[in-house]
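Read off the chains here:
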Amino acid sequence: MNRRTVLTSVVATSFATGAALSACSVGVSDGDRVRGATTERPPVLRQPGVSTLPPAAAVQAAFDVRGADRLALAGVLRRLTAVISALAGRYAGLGRPVEVMVAVGASLFDGRFGLGSHRPRALVVMPSFPNDVLDPARCHGDLLVQVCAGDVETVRSVLAELAVPGLVPRWRVEGFRDQNSVTGDGRAVDRNLFGFRDGAGNPDVRDAAEMERLVWVGADAGEPAWAVGGSYQVVRIIRFATALWDGESVARQEAVFGRRKSDGAPLGLDREDAVFDYGSDPSGQVIALDAHIRRANPRTPETAGSRILRRGYSYRGGVDAAGRRDEGMLFICFQRDVEAGFATMQRRLAGEALDRYVLPVGGGYFFVLPGVSGGDGDYLGRTLIDAAG
Ligand code: HEM
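Residue positions are given per chain, counting from 1 as you read along its sequence in written order. Reporting of local features is limited, given that this is a predicted model, to residues whose pLDDT is at least 70; pairs of side-chain atoms are given and counted only at 80 or more, and all residues count toward the totals for whole chains, interfaces and linings.

Another aspect to go through is the confidence of the model for the protein. Here the protein averages 90 in pLDDT, while 89% of its residues score no lower than 70. Think of pLDDT as the predictor's per-residue confidence, scored from 0 to 100. For the purpose of contact definition, each residue receives a C-beta atom placed from its backbone, and two residues are in contact when these atoms lie within 7 Å. Below a pLDDT of 50 lies the segment residues 8-39, which in the model reaches 83 contacts outside its immediate sequence neighbourhood of four places, other chains included.

Our focus in this paragraph is the site of the ligand. We call a residue near a molecule or strand when the C-beta position, derived from backbone atoms, sits within 6 Å of it. The environment of the ligand is made up of 25 residues, and the closest members are Phe196, Gly201, Ile293, Ala296 and Asn297. Of all the secondary-structure elements, those providing two or more residues to the shell around the ligand are strand 8 (231-240), helix 7 (292-296), strand 11 (325-335) and helix 8 (339-349). Here a helix means four or more residues in a row that DSSP labels H or I, a strand means two or more in a row labelled E, and each is numbered from the N terminus. Element by element, the count of residues in the shell around the ligand is highest for helix 8, at four residues. Tallied by class, the residues present in the shell around the ligand amount to 14 nonpolar, seven polar and four charged. Polar here means any residue outside two lists: the nonpolar Ala, Val, Leu, Ile, Met, Phe, Trp, Tyr, Cys and Pro, and the charged Asp, Glu, Lys and Arg; Gly therefore counts as polar.

Let's shift gears to the sheet that holds strand 5 (residues 181-182). When DSSP finds two or more bridges between a pair of strands, those strands are recorded as paired. In spatial order, the strands read 5-6-7; together these three strands make up an open sheet with antiparallel pairing. One side of each edge strand has no neighbouring strand; the edge strands of this open sheet are strand 5 and strand 7 (197-198). With two bridges connecting them, strand 5 and strand 6 (residues 188-191) associate as antiparallel partners. Each bridged residue has a counterpart across the sheet, and for valine 182 the counterpart in strand 6 is alanine 188.

Attention now goes to the nonpolar core. Formed by 98 residues in total, the largest nonpolar core has its most connected members in Ala103, Leu143, Val147 and Leu330. Dropping the residues within four chain positions of it, leucine 330 is found in contact with Gln60, Val173, Gly175, Val235, Ile237, Gly312, Tyr313 and Tyr315. The term nonpolar core refers to a set of buried Ala, Val, Leu, Ile, Met, Phe, Trp, Tyr and Cys residues connected through C-beta atoms within 7 Å. Three exposure classes are used, all based on how many other C-beta atoms lie within 10 Å of a residue's own C-beta (placed from the backbone): buried at 20 or more, exposed at 12 or fewer, and partly exposed between those limits.

The next thing to look at is the pairing of strand 10 (residues 313-319). The sheet contact formed by strand 10 and strand 11 spans five bridges and is antiparallel. What sits directly across from valine 319, in strand 11, is arginine 325. Once strand 10 ends, the chain turns through five residues before running back antiparallel as strand 11, passing glycine 323 with a positive phi of about 85°.

Our focus in this paragraph is the environment of aspartate 378. Structurally, aspartate 378 can be placed in the loop between strand 12 (358-368) and helix 9 (382-387). Take aspartate 378: there are 16 C-beta atoms within 10 Å of it, and that puts it in the partly exposed class. The spacing of aspartate 378 and threonine 81 is 297 residues in sequence and 8.7 Å in space, taken between C-alpha atoms. In this structure, aspartate 378 is in contact with Val372 and Ser373, ignoring residues within four places of it in sequence.

This paragraph deals with the pairing of strand 12. Among the eleven residues that make up strand 12, eleven are buried, leaving the element largely enclosed by the rest of the structure. The pairing of strand 2 (residues 99-105) with strand 12 spans three bridges and is classified as antiparallel. Across the sheet, the residue bridging to valine 104 is phenylalanine 367, located in strand 12. Sheet topology note: the strand 8/strand 12 ladder contains ten bridges and is antiparallel. Bridge pairing in strand 12 links glutamine 233 to phenylalanine 366.

Okay, the environment of phenylalanine 276 next. Secondary-structure assignment places phenylalanine 276 in the loop between helix 6 (250-257) and helix 7. Exposure remark for phenylalanine 276: the 20 C-beta atoms within 10 Å place this residue in the buried category. The spatial distance from the C-alpha of phenylalanine 276 to the C-alpha of arginine 299 is 9.1 Å, given a sequence separation of 23 residues. Discounting chain neighbours no more than four positions away, the residues touching phenylalanine 276 are Pro266, Leu269 and Ile287.

Looking now at unusual backbone geometry. A negative phi angle is the norm for most residues apart from glycine, just as the trans form is the norm for most peptide bonds. The backbone of histidine 140 sits at a positive phi, close to 65°, despite the residue not being glycine. Looking at where histidine 140 falls in the secondary structure, it is placed in the loop between strand 2 and strand 3 (143-149). On the basis of neighbour counts, which here come to 22 C-beta atoms within 10 Å, the residue histidine 140 falls in the buried class. Look at glutamine 179: it is not a glycine, yet its phi comes out positive at around 55°. Relative to the assigned elements, glutamine 179 resides in the loop between strand 4 (167-176) and strand 5. The exposed category is assigned to glutamine 179, around which 11 C-beta atoms lie within 10 Å.

So, about the environment of glycine 389. Relative to the helices and strands, glycine 389 resides in the segment after helix 9. Through-space distance from the C-alpha of glycine 389 to that of leucine 115 is 9.7 Å; in sequence the pair is 274 residues apart.

Before going further, it helps to examine helix 2 (residues 70-93). The end-to-end C-alpha separation of helix 2 is 35 Å, in line with the 34 Å expected for 24 residues at 1.5 Å each. Those residues of helix 2 lying buried are Leu73, Val76, Leu77, Leu80, Thr81, Ile84, Leu87 and Ala88. Note on helix 2: the residue one or two positions beyond its end, glycine 95, has a positive phi of about 75°. Helix span, expected: 1.5 Å multiplied by one less than the number of residues in the helix.

Along helix 6, the positions that sit buried rather than exposed are Gln253, Glu254, Ala255, Val256 and Phe257. Next to the buried residues of helix 6 lie helix 5 (242-246) and helix 7. Backbone geometry just downstream of helix 6 places glycine 258 in the positive-phi region, at approximately 90°.

Set out below in structure tokens:
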């Protein structure tokens, strides 16, 4: 039986002072503020939900915007921001912090709102990669709202309140992180539905310089000025052929990923945070050449620029018409440049051993808007709307 048979059917954190990131920040006024060390630049505001540690529950909800023109779009963004601010205050008061993050899709920059010349340079409609069988009903969207919280009930309540007029629901997927924890060296890890620990290979979110280099759009990124403080977000709904996977031996499963199932250590090493030297294993005797971690991050100088920050969740969507479970991974990643990051890495993964057990069915490319100041009149997307005049 092959895969297709089975599946087709806050805190205002100053990086200048090196302050640590909060585990779970609240609301839109909680972005990171960065000031130039020598010359005073306007503060760079960032939304929570990118480099914060991921809470245990989340939803990714895509919407289209119904509105006659840019003024109408600005109205939608203003209303959305006001609701998010009010929610943030209310949930913080209840001691149940939430993160709400808003990103925009390439379609927002079509003719409707006169934003065409302000599109982030690499923001395109997510292409179909060779292993994909994309379902149009679960792809793309003008706007993506990410809500994260400690439990699914909170996530649902928050999302329900974000249904402001002008937003037309397109698709949504709820996610969860089993055994959500943080390693000694600061990496958020969970255990995915294939039973493997996931996250140890991430860059360190506490390393501000690394985050600037890999994740955040800075003033030097060659992007429109309004986009500084944002980041490219990729969402991929990846269905797992769990029954096929569960029929494999643990040894085979470990060969597919290149890590041990029990504790996440790279094969042949004894700690999850140990770094495998691929140069010492050129023909893949220990970690196969088509193993997931080896393909994803070969750790060569040439591939260093394609590193990304993953912040994924598992999902369980019920049972499809043929009685097969619809479950897998809500793969989410952030990077400064989606072409140099995710797309380059995804092309490198083509033909990996994992392909046989997974089926990407949806998702999209988005751009996380810069954060807001919380001051009078500021709203998510304001820098974009103002740039368009
Ligand atoms: C198809 C479903 C996927 C599953 C089940 C999966 C699972 C895993 C697991 C278990 C690890 C090892 C733990 C870790 O290093 O964090 C890992 C590592 C990694 N994965 Fe995935 N992954 C999937 C898709 C992807 C995709 C689509 C990408 C990017 C295009 C990706 C990029 C990475 C990277 C960069 C690493 C770290 C490698 C390293 O630095 O050694 N993964 N993944």
